[in-house]
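Spelled out, the chains give:
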Amino acid sequence: MGTILILVAYCVFAAFWLRFFAHVLVWWRAAQRLRGPADSRATLRACALTALDAVLLFRVLNANPALWIGEWAFHASFLLVVLRHLRFFLDPVPLWVWWLQTPGLVGGYILPFALAYILGIRLLTKHEKYAAPANMFLVTLVLLISSLGLVMHIWFKPNLVDVKLFALGILSLHPAAAPASLLFVLHVALALVLVPFLPT
């Protein structure tokens, strides 16, 4: 099972980067077509507003304040969980990653509840944009991944040394055996399903 997981991981990462560079190429071509005399202050203002919108999710707040609470909790906790997981992929682990272990753990507890809240709001909202099948798929997928992670953290802990050896083995192209944990294999398999959707 571990060998299949490793092969799928390499295929998924290749698909992710191909899709990412395809998006970059589309954006670059669009930028070339739009090139022309531009006011640098207006461009800077547009970049600042875009960055603020990405961090604070203003568009979601304006469209649906109830959904915004869940979306912001989800994005913040998801970021903390991802940063916490860096300890498995870095050797040696930087000090700042160790500092983020407790906030990442708190984020891990918040994440499934934020996703369940988002799912509830989206199901109750009649707006097609919020209940689109693609959105529902991604929310459900991340909910499953985060719930499995929480179950493993609380009750069925895999051997963390084996987890780190497995993760580092994939990154260094020297694959190691997957930990003997069905939940871990399922957690990683679902995460690999999620990875190709990240550029969207």
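Residues numbered from 1 in each chain as written. Predicted model: local features only at pLDDT ≥ 70, side-chain atom pairs only at ≥ 80, totals over all residues. Heavy atoms only, no water.

Asks: Explanation requested: the packing of helix 6 (residues 101-124) against helix 7 (residues 133-154) in the structure shown.
Replies: When two helices pack together, you describe them by how their axes are tilted relative to each other and by the distance separating the axes. At a minimum axis separation of 9 Å, helix 6 and helix 7 run at an interaxial angle of 150 degrees. The angle between helix 6 and helix 7 falls in the class roughly antiparallel. Of the two possible hands of crossing, helix 6 and helix 7 adopt the one that is left-handed. Taking contact as the criterion, the partners of Leu105, Gly108, Tyr109, Leu111, Pro112, Leu115, Ala116, Ile118, Leu119, Arg122 and Leu123 in helix 6 are, on helix 7, Asn135, Met136, Val139, Thr140, Val142, Leu143, Ser146, Ser147, Leu150, His153 and Ile154. A class-by-class count of the residues in the contact of helix 6 with helix 7 yields 15 nonpolar, six polar and one charged. (Axes fitted to C-alpha atoms, helices over the stretch in contact; angles between N-to-C directions. Helix = DSSP H or I, 4+ residues; strand = E, 2+ residues; numbered from the N terminus. Parallel < 35°, antiparallel > 145°, perpendicular 65-115°, else oblique. Left-handed = near helix turned anticlockwise from the far one by under 90°. Contact = heavy atoms within 4.5 Å. Nonpolar A, V, L, I, M, F, W, Y, C, P; charged D, E, K, R; others polar.)

Asks: Explanation requested: the confidence of the model for the protein chain in the structure shown.
Replies: Close inspection of predicted coordinates is inappropriate in any region flagged by low pLDDT. Of the residues in the protein chain, 90% reach a pLDDT of 70 or more, and the chain-wide mean stands at 84. The weakest mean pLDDT in the protein chain belongs to helix 2 (residues 40-56) at 72; the strongest belongs to helix 5 (residues 95-99) at 94. (pLDDT = per-residue confidence, 0-100.)

Asks: Before we go on, may I ask you to explain a nonpolar patch on the surface in this structure?
Replies: Residues Phe13, Trp17, Phe21, Val24, Val26 and Trp27 make up a contiguous nonpolar surface patch of roughly 620 Å² in combined accessible area. Here Trp27 lies in helix 1 (residues 2-34). (Patch = residues over 30% accessible without salt bridge, like charges linked within 9 Å, V, L, I, M, F, W, Y side chains within 5 Å. Areas by Shrake-Rupley, 256 points an atom, 1.4 Å probe, with all protein chains shown as cover. Salt bridge = Lys/Arg side-chain N within 4 Å of Asp/Glu carboxyl O.)

Asks: Is there a simple way to explain the layout of surface pockets in this structure?
Replies: To find the voids left in a structure, one rolls a probe of water-molecule size over its atoms. Empty space within the largest pocket amounts to approximately 1300 Å³. His85, Phe88, Phe89, His187 and Ala191 are, among the 39 residues lining the largest pocket, the residues nearest its centre. Top contributing element to the lining of the largest pocket by residue count: helix 7, with seven residues. Class assignment of the residues belonging to the lining of the largest pocket gives a composition of 29 nonpolar, seven polar and three charged. (1 Å grid on protein atoms, 1.4 Å probe; cavity = no way out; pocket = protein on both sides within 12 Å on 5 of 7 lines; lining within 4 Å. Points joined across faces, edges and corners; volume = space filled by probe spheres on them.)

Asks: For this particular structure, what's the right way to read the pattern of salt bridges?
Replies: Close approach of charged atoms lets side chains of opposite charge pair. Going through the model one piece at a time under the given rule, you end up with one salt bridge. Among the ionic pairs, Arg122 bridges to Glu71, the shortest N-O distance being 2.6 Å. One end of the pair, Arg122, is in helix 6; the other, Glu71, is in helix 4 (residues 65-85), and 51 residues separate them in sequence. Pair check on accessibility: Arg122 and Glu71 agree, each one buried. (Buried < 20%, exposed > 50% of the residue type's maximum accessible area, 1.4 Å probe, protein only.)

Asks: It is not clear to me how the nonpolar core should be interpreted in this structure. Could you clarify?
Replies: Soluble globular proteins tend to bury their nonpolar side chains together. Core analysis: the largest hydrophobic core is formed by 18 residues, its most contacted members being Phe74 and Leu115. The set of elements that each furnish at least two residues to this core consists of helix 4, helix 6, helix 7 and helix 9 (182-194). No other element matches the seven residues that helix 7 contributes to this core. For Phe74, the contacting residues outside a window of four places in its chain are Leu111, Ala114, Leu115, Ile118 and Val142. In terms of nonpolar packing, the next biggest core, distinct from the first, is built from 16 residues, Phe16, Ile170, Phe184 and Val188 among them. (Core = buried A, V, L, I, M, F, W, Y, C linked by side-chain atoms within 4.5 Å.)

Asks: Teacher, can you tell me more about the side chain of Glu71 here?
Replies: Assessed through its relative accessible area of 8%, Glu71 is described here as buried. Discounting chain neighbours no more than four positions away, the residues touching Glu71 are Leu57, Val60, Ile118 and Arg122.

Asks: What exactly am I supposed to notice about the packing of aromatic side chains here?
Replies: Describing an aromatic ring pair means giving the distance of the ring centres and the angle of the ring planes. With the rule as written, the count across this model stands at seven aromatic pairs. Ring geometry for Phe16 against Trp17: centres 4.9 Å apart, planes inclined by 80 degrees, an arrangement best described as edge-to-face. Using a relative accessible area of 44% as the deciding quantity, one classes Trp17 as partly exposed. Their ring planes at 45 degrees and their centres at 5.6 Å tell us that Phe74 and Phe78 sit as a pair that is tilted. A residue pair is termed a helical-turn pair when its members lie 3 or 4 positions apart in one helix, as Phe74 and Phe78 do in helix 4 at four residues. The exposure class of Phe78 is partly exposed, given its relative accessible area of 26%. Taken together, the ring pairs connect Phe16, Trp17, Phe20 and Phe21 into an aromatic cluster. (Phe/Tyr/Trp six-rings, centres within 6.5 Å; stacked < 30°, edge-to-face > 60°.)

Asks: What should I look at first to understand helix 6 in this one?
Replies: Residues separated by three or four positions in an α-helix point in the same direction, a consequence of the helix having 3.6 residues per turn. Across its 24 residues, helix 6 extends 35 Å between first and last C-alpha, which sits within 8% of the 34 Å expected from 1.5 Å per residue. A bend of about 30 degrees at Ile110 is the largest found in helix 6, and the proline Pro112 appears one to four places after it. By the burial criterion, the buried members of helix 6 are Gln101, Gly104, Gly107, Gly108, Leu111, Pro112, Ala114, Leu115, Ile118, Leu119, Ile121 and Arg122. For helix 6, the secondary structure elements touched by its buried residues are helix 4, helix 5 and helix 7. (Expected span 1.5 Å × (residues − 1). Bend = angle between axes of the 7 residues up to and from the residue.)

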